[in-house]
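Results of the structural survey
What follows is each chain in one-letter form.
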Amino acid sequence: MSHQTPLSSSVPQVNCLDLWRAENDRLVRQAKVAQDSDLSLRRQQLAQDSLEGFRGLLHSLLVLETQKQLGPRLEGGLMELWNSVLHVSSLPPELLPALHHLAGLQAALWLSTDRLGDLTLLLQTLNGSQSEASGDLLLLLKTWNPPAKASDDPLTLQDAQGLRDVLLTASAFRQGLQELITGSLPRALSSLYEAASGLCPRPVLVQVYTALGTCLRKMGSPQRALLYLVAALKGESICGPPLLEASRLYRQLGNTVAELESLELLVEALNVIPSSEVPHFLIEVELLLPRPDPASPLHCGTLSQVKYLLASRCLQMGRAEDAVEHYLDLLALLLDGSEPKFSPPTCPPGPCMPEVFLEAAAALIQAGRAQDALTVCEELLSRTSSLLPKMPQPWKDARKGTKESPQCPSWVSATYLLQGQAWVQLGDQKQAISEFSRCLELLFRATPKDKEQGPASNCEQGYTSDVELQQLRAAALISRGLEWGASGQDTKALQDFLLSVQVYPGNGDASFHLLQTLKRLDRRDEATALWQRLEAQTKLPQENATWSLPLYLETCLSWIRPPDREALLEEFGTSLQEPCDL
């Protein structure tokens, strides 16, 4: 059309508009045929043809604007332009439907780009209200009543009323998600109910129901939350976010089997290659929603992140063989380079790659696969050999005039700790003691570091909290002490248990192992004094730990924990009543 209507043409403008309208109506009819087509290829081709046609129409409008030689555009931006147009006293009534339709398009653009202030001002102007009380975006959208277009107006794919309904649903959902993230749960619930009652295609309804499930779970209504999650999971295709939220809900309810099943289904869902998107003919709710950020209940992470969550939960719940399977799958996935840099979404600080190796090794030991655990540890050390300290000689700081030992990340020490445990399982006490000694040599060089720099840098640079460092030292000393005791060297075992109590007085495991060793060495007075302290401690209220340890360390500590402390104390107390041999 632009070629048929050059700037110097003497054809009346009305003929150009008639031609434009005829082409517009034809394209609208073609697009509606494509929209109703069940054949994806034909639908895609018709959609592409319609899009190209509408672009041509847009270009022809620019030609018409040039012919009319309109005055200069306003410099104050779109909002000023809208104000000037909507406040024209001589605005013809027949232009109002088209103007409101255009305002709906502007509103969709501003909503999708988070220009909520401009959007609010536009709706206030459309509704003729400027009071502060009318600043509620949802209320403004409900109040907006676009005039109906005349029957002889050009055809459109989507009228202003339809746009308003889409805007209302999208705005309610966006607002509800934001309120949910910031913790305004009652307001979030109201906004999400508003979104669910609006114009919600099935994919959006799944997301709304998932957010409602999250909100209700956090508000202490797990059964109501479950109803929405079940509704979200109905249908042919399984979506990730409701499965992840279902796993959180089942975990809160203590239903471990259902929690792990949800995570397994989520892994399957993330393994499915998504089908090509169906072309959009209309402005729909999905197009106006932001991409979920990690704080959103609609963010389910990558395949590797979910695999890690599943593996770690299996290890925590004592399902070692399942944990091994998932950890090995995860390591294969991460090491082949097909996944992006690993940063699990579970909860801060979250493990880094070395800790994933360590957890995998711990799971293998737990499952009785000590030789495989050694292989994983060796792989970790070989991949990070550049980070290992030079062992032979400490280096001298010339400015301070003191000798200092080089530092190494805590997970290097933990690798030797796990290798020692693997050799324990294989029955090689000498090799186990050697690995525990290497671990301790590194640990007693280390100093705790502040963890305020963020989890990624902490892990990469080996930063360790004071509690974690103390627990690692205690675990290595207890582990070595147990091997000394198993080989009949109780004096050496006693030294390790005494040192373990000193480096971490709060570790009750070391005290119980010390008690047993004192008893075997027949050091009755010392054993009695320790038993009395332990008896008194059991009667005190137990304080909840305000810190958390890495999962591999928690697992390792569980292996060296005395099986029944109360029975041990009771047995020792009974032995005190027996007469001692003179």
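In this text, all values refer to a predicted model and were calculated from it rather than measured experimentally.

Brief notes about the overall build of the protein
Scanning the protein for helices and strands turns up 25 helices and two strands. Residues counted as buried form 44% of the 582 residues belonging to the protein. Contacts spanning at least 24 positions in sequence make up 64% of the contacts within the protein whose residues lie at least 6 apart. For the protein, the exposed area adds up to about 31300 Å²; of that, 53% sits on carbon and sulfur atoms.

Overview of the packing of aromatic side chains
For any pair of aromatic rings, the description consists of the separation of the ring centres together with the inter-plane angle of the planes. In total, this model carries three aromatic pairs according to the counting rule given. Centre to centre, the rings of Tyr-193 and Tyr-228 are 6.4 Å apart; their planes meet at 45 degrees, and the pair counts as tilted. Taken as a pair, Tyr-193 in helix α8 (residues 185–196) and Tyr-228 in helix α10 (residues 222–233) lie far apart in primary sequence, 35 residues in all. Look at Tyr-193 and you get partly exposed, because its relative accessible area is 29%. Exposure remark for Tyr-228: the relative accessible area of 22% places this residue in the partly exposed category. Note on Tyr-209 and Tyr-228: the rings are 5.4 Å apart at their centroids and 55 degrees apart in plane angle, and the pair reads as tilted. Taken as a pair, Tyr-209 in helix α9 (residues 202–218) and Tyr-228 in helix α10 lie far apart in primary sequence, 19 residues in all. Looking at Tyr-209, the relative accessible area reads 18%, which means it is buried. Members of the aromatic cluster, connected to one another through ring pairs, are Tyr-193, Tyr-209 and Tyr-228.

Focus: helix α22 (residues 508–520)
Spacing of three or four residues puts side chains on the same side of an α-helix, whose turn is 3.6 residues. With 13 residues, α22 extends 19 Å from end C-alpha to end C-alpha; this agrees with the ideal 18 Å at 1.5 Å per step. Within α22, 10 of the 13 residues are buried, leaving the element largely enclosed by the surrounding structure. All buried positions along α22 are accounted for by Gly-508, Asp-509, Ala-510, Ser-511, Phe-512, His-513, Leu-514, Leu-515, Thr-517 and Leu-518. Asp-522 sits one or two positions beyond α22 and adopts a positive phi of about 60 degrees.

Here's the deal with the confidence of the model for the protein
Counting all residues, the mean pLDDT for the protein is 82, and 79% of those residues have values of 70 or more. Mean pLDDT values over the elements of the protein span from 36, in strand β1 (residues 395–397), up to 96, in α8. This stretch, residues 341–349, has a pLDDT under 50; its non-local contacts, to residues over four places away or in other chains, come to 17 contacts. This stretch, residues 450–458, has a pLDDT under 50; its non-local contacts, to residues over four places away or in other chains, come to 12 contacts.

A short note on the side chain of Gln-421
Within the secondary structure, Gln-421 sits in helix α17 (residues 410–426). Since its relative accessible area comes to 9%, Gln-421 is described here as buried. Not counting residues up to four positions away in its chain, the partners in contact with Gln-421 are Ile-365, Phe-436, Ser-479, Cys-556, Trp-559 and Ile-560.

As for the environment of Lys-32
Considering the arrangement of structural elements, one finds Lys-32 in helix α1 (residues 13–36). By relative accessible area, which is 36% here, Lys-32 ends up partly exposed. Excluding anything up to four places from it in sequence, Lys-32 contacts Thr-156 and Leu-157.

Regarding unusual backbone geometry
Phi angles above zero are rare outside glycine, and Asp-114 is one such case at about 65 degrees. The backbone of Asp-522 sits at a positive phi, close to 60 degrees, despite the residue not being glycine. Mapped onto the fold, Asp-522 is located in the loop between α22 and α23 (524–538). With relative accessibility at 62%, the residue Asp-522 sits in the exposed group.

Some thoughts on the nonpolar core
Ranked by size, the top nonpolar core spans 85 residues in total, and within it Tyr-327, Leu-358, Leu-417, Leu-418, Leu-515 and Leu-553 carry the most contacts. Counting contributing residues, this core receives three or more from each of domain 1 (312–338 + 349–388) and domain 2 (409–446 + 467–539 + 547–581). For Leu-553, the residues in contact, after removing those within four places along its chain, are Glu-468, Gln-471, Leu-472 and Ala-475. Of all hydrophobic cores here, the second largest spans 53 residues; its members include Trp-82, Leu-140, Leu-168 and Leu-216.

What about the environment of Leu-472?
Relative to the helices and strands, Leu-472 is located in helix α20 (residues 466–486). Among the residues examined, Leu-472 registers a relative accessible area of 0% and is labelled buried. Ignoring anything within four residues of it in the chain, the contact list for Leu-472 reads Ser-410, Ala-414, Leu-417, Leu-443 and Leu-553.

A closer look at the packing of helix α11 (residues 240–253) against helix α12 (residues 256–271)
Contact geometry for α11 and α12: axes closest at 8 Å, N-to-C directions at 165 degrees. Looking at the two axes, α11 sits roughly antiparallel to α12. Once α11 is placed against α12, the crossing between them reads as left-handed. Of the residues in α12, those in contact with Gly-240, Leu-243, Leu-244, Ala-246, Ser-247, Tyr-250 and Arg-251 of α11 are Ala-258, Glu-259, Ser-262, Leu-263, Leu-265, Leu-266 and Ala-269. Looking at the contact of α11 with α12 residue by residue, the classes come out as nine nonpolar, three polar and two charged.

Focus on the pattern of salt bridges
Counted under the stated rule, the structure contains 21 salt bridges. Residues Arg-217 and Glu-245 are paired through a salt bridge, measuring 2.5 Å at the closest nitrogen-oxygen approach. Of this pair, Arg-217 sits in helix α9 while Glu-245 sits in helix α11; the two residues are 28 residues apart in sequence, bridging distant segments of the chain. The two residues Arg-217 and Glu-245 agree in class, both being buried.

Some points on a negative patch on the surface
Among the surface-exposed residues, Glu-261, Glu-264, Glu-268 and Glu-325 lie close enough to one another that they form a single negatively charged patch. Among the elements that take part in the negative patch, α12 stands out by supplying three residues, more than any other. Among the structural elements, Glu-325 can be located in helix α14 (residues 320–335).

Calculation notes
Residues numbered from 1 in each chain as written. Predicted model: local features only at pLDDT ≥ 70, side-chain atom pairs only at ≥ 80, totals over all residues. Heavy atoms only, no water. Helix = DSSP H or I, 4+ residues; strand = E, 2+ residues; numbered from the N terminus. Buried < 20%, exposed > 50% of the residue type's maximum accessible area, 1.4 Å probe, protein only. Contact = heavy atoms within 4.5 Å. Areas by Shrake-Rupley, 256 points an atom, 1.4 Å probe, with all protein chains shown as cover. Phe/Tyr/Trp six-rings, centres within 6.5 Å; stacked < 30°, edge-to-face > 60°. Expected span 1.5 Å × (residues − 1). pLDDT = per-residue confidence, 0-100. Core = buried A, V, L, I, M, F, W, Y, C linked by side-chain atoms within 4.5 Å. Domains from an automatic or database assignment. Axes fitted to C-alpha atoms, helices over the stretch in contact; angles between N-to-C directions. Parallel < 35°, antiparallel > 145°, perpendicular 65-115°, else oblique. Left-handed = near helix turned anticlockwise from the far one by under 90°. Nonpolar A, V, L, I, M, F, W, Y, C, P; charged D, E, K, R; others polar. Salt bridge = Lys/Arg side-chain N within 4 Å of Asp/Glu carboxyl O. Patch = residues over 30% accessible without salt bridge, like charges linked within 9 Å, V, L, I, M, F, W, Y side chains within 5 Å. Lys, Arg positive; Asp, Glu negative; His and termini not counted. Charge placed at Lys NZ, Arg CZ, Asp CG, Glu CD.

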